[in-house]
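Okay, here's what each chain looks like letter by letter:
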Amino acid sequence: MTERISEAEHAVMEVLWEESPLTAQEVAERVPADRDWSANTVKTLLGRLLAKNVIAHEEEGRRYRYRPLVARGDYVMGESRKLIDRLFGGRLTPLVAHLAERDAITDQDIAEIEALLKELKQ
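What you are looking at is a predicted structure, and each value in this text was computed from that prediction instead of being measured.

Here is what the cut-offs are and how they apply
- Residues numbered from 1 in each chain as written.
- Predicted model: local features only at pLDDT ≥ 70, side-chain atom pairs only at ≥ 80, totals over all residues.
- Heavy atoms only, no water.
- Domains from an automatic or database assignment.
- Helix = DSSP H or I, 4+ residues; strand = E, 2+ residues; numbered from the N terminus.
- Expected span 1.5 Å × (residues − 1).
- Buried < 20%, exposed > 50% of the residue type's maximum accessible area, 1.4 Å probe, protein only.
- Arc of directions from axis to C-beta.
- Contact = heavy atoms within 4.5 Å.
- Core = buried A, V, L, I, M, F, W, Y, C linked by side-chain atoms within 4.5 Å.
- Axes fitted to C-alpha atoms, helices over the stretch in contact; angles between N-to-C directions.
- Parallel < 35°, antiparallel > 145°, perpendicular 65-115°, else oblique.
- Nonpolar A, V, L, I, M, F, W, Y, C, P; charged D, E, K, R; others polar.
- Pairing = 2+ DSSP bridges.
- Phe/Tyr/Trp six-rings, centres within 6.5 Å; stacked < 30°, edge-to-face > 60°.

### So, the domain arrangement of the protein chain
(1) Moving on: What the domain assignment lists for the protein chain is domain 1 (7-68) and domain 2 (72-121).
(2) Moving on: The straight-line distance from the C-alpha centre of domain 1 to that of domain 2 is 30 Å.

And the structure:
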């Protein structure tokens, strides 16, 4: 993925990652209600995502069904990498230190990180 997707486009992608293929109307029905988006708004966002080549569509009669071309895990990995590269010089340790200094890490988080590190060492 070369082009970033906006926060609004991300909301549409979350719907498509959860279930696809879907029509624009089906996507609009599944976007969180607090967005209060019309079907036209969703169609605009789908058009942007098509232009960015992160979704595809198949014609079905007089409507289109949309599906993601980028897996959610790949997207999360790419965005995580960009964040770490941009803010922490590509290193994970300063990110964890930053969160720990701001009390943003719970005891549960620490236990999970320790378990993950233990698993990675084996």
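Alright, that's what it looks like, and here's the rest.
### What to know about helix H1 (residues 7-18)
(1) Moving on: In this model, H1 (12 residues) spans 17 Å end to end at C-alpha, consistent with the 16 Å of a helix rising 1.5 Å per residue.
(2) Moving on: Turning to H1, its buried residues number three or more, namely Glu 9, Ala 11, Val 12, Met 13, Val 15, Leu 16 and Trp 17.

### Some points on helix H3 (residues 39-51)
(1) Moving on: The first and last C-alpha atoms of H3 sit 18 Å apart over 13 residues, in line with the 18 Å expected at 1.5 Å per residue.
(2) Moving on: Taken residue by residue, H3 has Val 42, Leu 45, Leu 46 and Leu 49 as its buried positions. All buried residues of H3 lie within an arc of 105° about the axis, which places them on one face of the element. In H3, the exposed residues that point more than 90 degrees away from the buried face are Asn 40 and Ala 51.
(3) Moving on: Buried-residue contacts for H3 involve H1, helix H2 (24-30), strand S1 (55-60) and strand S2 (63-68).

### What about the nonpolar core?
(1) Moving on: Membership of the largest hydrophobic core comes to 20 residues, with the highest contact counts inside it found for Leu 16, Val 27, Leu 46 and Ile 55.
(2) Moving on: Of all elements in the fold, only H1, H2 and H3 reach the threshold of two or more residues within this core.
(3) Moving on: Among the elements that take part in this core, H1 stands out by supplying 5 residues, more than any other.
(4) Moving on: Beyond its immediate sequence surroundings of up to four residues, Leu 16 is in contact with Leu 22, Val 27, Leu 46, Ile 55, Tyr 66 and Pro 68.

### So, the packing of H1 against H3
For any two helices packed against each other, the geometry comes down to the angle between their axes and how far apart the axes lie.
(1) Moving on: The contact between H1 and H3 brings their axes to 10 Å, and the two run at 85°. Considered as vectors, H1 and H3 are oriented roughly perpendicular to each other. Judged by residue contacts, Ala 8, Glu 9, Val 12, Met 13 and Leu 16 of H1 engage Leu 45, Leu 46, Arg 48 and Leu 49 from H3.
(2) Moving on: Tallied by class, the residues present in the contact of H1 with H3 amount to 7 nonpolar, no polar and 2 charged.

### Observations concerning the pairing of S2
(1) Moving on: Pairing of S1 with S2 involves 6 bridges; the strand directions are antiparallel. Residue pairing in the sheet places Glu 60 in a bridge with Arg 63 of S2.

### Focus on the packing of aromatic side chains
(1) Moving on: Tallying each qualifying case throughout the model produces 2 aromatic pairs.
(2) Moving on: On the basis of an interplanar angle of 55° and a centroid distance of 6.5 Å, the ring pair of Tyr 64 and Tyr 66 is categorised as tilted.
(3) Moving on: You can call Tyr 66 buried: its relative accessible area is 9%.

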